[in-house]
Amino acid sequence: IYSYTSSVKIGDTCNVTVKFQHRGPGHSREIYAALGNLHWWGFDEVLGKAKSYYISASQDWKTHTVTIPIQITSAISPGTYTLYSKICAGPTCRFVDIPLIEAPYKELAVTVEPEVPVGISFQMGIWGAPHDFPLYDYWMCWYWDNGIGGYVSDEKWYRPYQKIQFTNIKSGDNGYVSVFLRKNSAVSSQYTSPRFDAVDGGSFTYDVGINHIY
């Protein structure tokens, strides 16, 4: 194993590059690389990939370099893994085959990093007064987050001049807000805004009187 991607996340590709020498007739072989855990009883593979490669004929020793791309999927958990590689004895790799040649293990070589939540934050305020609830002292707001397919809110009442801060929203695309107004103990019906695209660090106002976002 000559080189490899040492740090990856789910969705990345771990490129494992191997080098070997060959002398003799040409033939096709599959070259295999895998991530897994090395135990006293052997190698416990988690993710692997085979790549077909034609080894050309050569009368002298010739160096070959091959890169095998291992797709990092959710089948593997965050952690540090050992690398394994082999050239299969037959034209295709089978688990029961004895390898033509195996590379020495690269112990604890590749780290699969945990996924870091990526989200956006923005502020939301209100303006105007609806005809069926013209006077209010407080308001509460819920945001429909398309990233989770549900509403998010701190479920607190705010004064009309205050803005509500939404943080770690998974998707700001094509979301909307639902607003409730309160006067003393009376609570309005739900007012739902048009859909809009929230951007990170943005500040938006929902005019509940004319049902408009700006």
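Residues numbered from 1 in each chain as written. Predicted model: local features only at pLDDT ≥ 70, side-chain atom pairs only at ≥ 80, totals over all residues. Heavy atoms only, no water.

**A closer look at the overall build of the protein chain**
Here is the rule: In this text, helices come from DSSP runs of H or I with a minimum length of four residues, and strands from runs of E with a minimum of two, each type numbered from the N-terminal end. Every radius of gyration here is taken over C-alpha atoms, with the globule rule written as 2.2 Å times N^0.38, N being the number of residues. Buried means the residue's accessible area, taken with a 1.4 Å probe over protein chains only, is under 20% of the maximum for its type, while exposed means over 50%, and partly exposed covers the values in between. In what follows, a contact means two residues having at least one pair of non-hydrogen atoms within 4.5 Å. Neither His nor the chain ends is counted toward charge; the positive residues are Lys and Arg and the negative residues Asp and Glu. Charge positions are represented by NZ for Lys, CZ for Arg, CG for Asp and CD for Glu.
A tally of regular secondary structure across the protein chain gives zero helices and 18 strands. Taken over the C-alpha trace, the protein chain has a radius of gyration of 29 Å; the compact-globule value for 214 residues is 17 Å, which it surpasses by more than 25%. Expressed along its principal axes, the backbone C-alpha trace of the protein chain runs to roughly 90 × 35 × 25 Å. Residues classed as buried in the protein chain amount to 37% of the 214 residues present. The long-range share in the protein chain, meaning contacts at least 24 apart out of those at least 6 apart in sequence, stands at 65%. Treating the 17 positive side-chain charges of the protein chain as one cloud and the 19 negative ones as another, the clouds have centres 5 Å apart.

**Focus: the sheet that holds strand 17 (residues 202–207)**
Our working rule: Being paired, for any two strands, means DSSP has found at least two bridges between them.
Strand order in the open sheet formed by four strands is 13-10-17-18, and the pairing between neighbours is mixed. Two strands lie at the open edges of the sheet, namely strand 13 (164–169) and strand 18 (212–213), each paired on one side alone. Where strand 10 (residues 120–127) meets strand 17, six bridges bridge the pair, whose relative direction is parallel. Each residue of the ladder has a partner; that of Trp 127, found in strand 17, is Asp 207.

**Regarding the sheet that holds strand 1 (residues 3–4)**
Strand order in the open sheet formed by three strands is 1-3-6, with antiparallel pairing between adjacent strands. Across the chains shown, the open sheet's two edge strands, defined by having one partner strand only, are strand 1 and strand 6 (58–71). For strand 3 (residues 13–24) and strand 6, the ladder comprises 11 bridges, and the chain directions are antiparallel. Each residue of the ladder has a partner; that of Val 18, found in strand 6, is Val 66.

**Observations regarding the side chain of Ser 188**
By secondary structure assignment, the location of Ser 188 is in the loop between strand 15 (186–187) and strand 16 (191–192). Once residues within four sequence positions are removed from consideration, Ser 188 is found in contact with Phe 133, Phe 180 and Leu 181.

**Examining the environment of Lys 156**
Mapping Lys 156 onto the fold places it in the loop between strand 12 (150–152) and strand 13. When the C-alpha positions of Lys 156 and Val 46 are compared, they lie 46 Å apart, and in sequence the two are 110 residues distant. Other than its neighbours up to four places away in sequence, Lys 156 contacts Trp 139 and Met 140.

**Describing the side chain of Arg 29**
By the element assignment, Arg 29 lies in strand 4 (residues 27–39). Given the relative accessible area of 16%, Arg 29 is considered buried. For Arg 29, the residues in contact, after removing those within four places along its chain, are Lys 51, Ser 52, Tyr 53, Ile 55, Ile 87, Cys 88, Ala 89, Gly 90, Pro 91 and Leu 100.

**Notes on the confidence of the model for the protein chain**
We apply this condition: Known as pLDDT, the predictor's per-residue confidence is scaled from 0 to 100.
For the protein chain, per-residue confidence averages 92 on the pLDDT scale, and 97% of positions sit at 70 or higher. No element of the protein chain has a lower mean pLDDT than strand 8 (residues 101–102), at 89, and none a higher one than strand 16, at 97.

**Some remarks on the packing of aromatic side chains**
Quick reminder of the rule: For Phe, Tyr and Trp, rings pair up if their centres lie within 6.5 Å, where Trp contributes its six-membered ring, and each pair is then called stacked (planes under 30 degrees apart), edge-to-face (over 60) or tilted (otherwise). Two conditions define a charge sitting above a ring: the NZ of Lys or the CZ of Arg must be within 6 Å of the ring centre, and it must be within 35 degrees of the ring normal.
This structure, assessed with the given rule, holds 14 aromatic pairs. Aromatic pair Tyr 143 and Phe 166: ring centres 5.9 Å apart, planes at 50°, arrangement tilted. Of this pair, Tyr 143 sits in strand 11 (residues 138–145) while Phe 166 sits in strand 13; the two residues are 23 residues apart in sequence, bridging distant segments of the chain. Here Tyr 143 and Phe 166 have matching classes, each one buried. Positioned above the aromatic ring of Tyr 32 is the side chain of Lys 86, whose terminal nitrogen or guanidinium carbon lies 5.4 Å from the ring centre. Above the ring of Trp 157, the side-chain terminus of Arg 182 is found at 5.2 Å from the ring centroid.

**What about unusual backbone geometry?**
A negative phi angle is the norm for most residues apart from glycine, just as the trans form is the norm for most peptide bonds. The phi torsion at Asn 174 lies on the positive side, around 60°, for a residue other than glycine. Along the chain, the position of Asn 174 falls in the loop between strand 13 and strand 14 (176–183). A relative accessible area of 39% places Asn 174 in the partly exposed class. Within the chain, Asn 184 stands out as a residue other than glycine whose phi angle is a positive 55°. Mapped onto the secondary structure, Asn 184 falls in the loop between strand 14 and strand 15. With a relative accessible area of 58%, Asn 184 lands in the exposed category.

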